[in-house]
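The lines below spell out each chain.
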Amino acid sequence: MATPNLKYTVPGMSDEDAARVVELVQGRLYACNDLHLTLKHVHWNVVGPHFIAVHEMIDPQVETVRGFADDLAERIATLGGSPKGTPGSLVENRTWDEYSIGRATTQEHLGALDLVYQGVISSYRDGMKELDDLDLVTQDMFIAQINELELFHWFVRAHLEDKSGGLSTAGATSEAQAAAAAG
Ligand SMILES: [Fe+2]
């Protein structure tokens, strides 16, 4: 990702700090745009006896994550940057692979989504820690969004959990592996 060239930023922040904050927020904007599209893909492709529960569970997550993308993009503009929201820019700059599961059972998709949420939330948390020294206002936005994402992650994981609290996807390192373990 190219370092953003800012002509102005919010009062009291150095241009150097603002450039790094914009980079961190842009990374989460890519993640949220990817996530809400991927969630819709899952909403359309789940099959099996628990179809309607999972199909309907996902739509509120899509709406919330779309709202996050809007807030992140407007934060970038507020900081004097230019948010990148085109599909080409997302595909060119994302650091993860395309979601790999097509039509599959609800359990398989939820297993894969466990991995997706692990990736998204981990990168948010890295950003949250770095923002400690850069910008508490943006950090506050990250914290609020992480709170919701972790809740959604639990909705997903509750389908993968057994009575002892173990996850069927434990130890999986790819979506395909997690889907197979959950399915
Ligand atoms: Fe729908």
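Owing to the predicted nature of the structure, the values given are computational and were not obtained by experimental measurement.

Some thoughts on the nonpolar core
Counting residues in each nonpolar core, the largest one holds 47 residues, and the members touching the most others are Leu35, Leu39, Val65, Leu113, Tyr117, Tyr124 and Leu149. Of all the elements in the fold, those that place two or more residues in this core are helix H1 (15–45), helix H2 (51–78), helix H4 (106–131), helix H5 (136–158) and helix H6 (175–182). Ignoring anything within four residues of it in the chain, the contact list for tyrosine 117 reads Leu35, Leu39, Gln61, Leu149, Phe152, His153 and Val156.

Brief notes about the layout of surface pockets
Here the largest pocket defines a volume of roughly 510 Å³. Along the walls of the largest pocket sit 24 residues, with Thr95, Trp96, Asp97, Gly119 and Val120 positioned nearest its centre. Elements with a contribution of two residues or more to the lining of the largest pocket: H1 and H4. Of the residues forming the lining of the largest pocket, the biggest block, seven residues, is contributed by H1. Split into classes, the residues belonging to the lining of the largest pocket amount to nine nonpolar, nine polar and six charged. In this structure, the second largest pocket encloses a volume near 300 Å³. Elements supplying a minimum of two residues to the lining of the second largest pocket: H1 and helix H3 (87–93). When residues of the lining of the second largest pocket are assigned to their parent elements, the largest contribution, seven residues, is made by H1. Its residues assigned to classes, the lining of the second largest pocket comprises six nonpolar, six polar and four charged.

Calculation notes
- Residues numbered from 1 in each chain as written.
- Predicted model: local features only at pLDDT ≥ 70, side-chain atom pairs only at ≥ 80, totals over all residues.
- Heavy atoms only, no water.
- Core = buried A, V, L, I, M, F, W, Y, C linked by side-chain atoms within 4.5 Å.
- Buried < 20%, exposed > 50% of the residue type's maximum accessible area, 1.4 Å probe, protein only.
- Helix = DSSP H or I, 4+ residues; strand = E, 2+ residues; numbered from the N terminus.
- Contact = heavy atoms within 4.5 Å.
- 1 Å grid on protein atoms, 1.4 Å probe; cavity = no way out; pocket = protein on both sides within 12 Å on 5 of 7 lines; lining within 4 Å.
- Points joined across faces, edges and corners; volume = space filled by probe spheres on them.
- Nonpolar A, V, L, I, M, F, W, Y, C, P; charged D, E, K, R; others polar.

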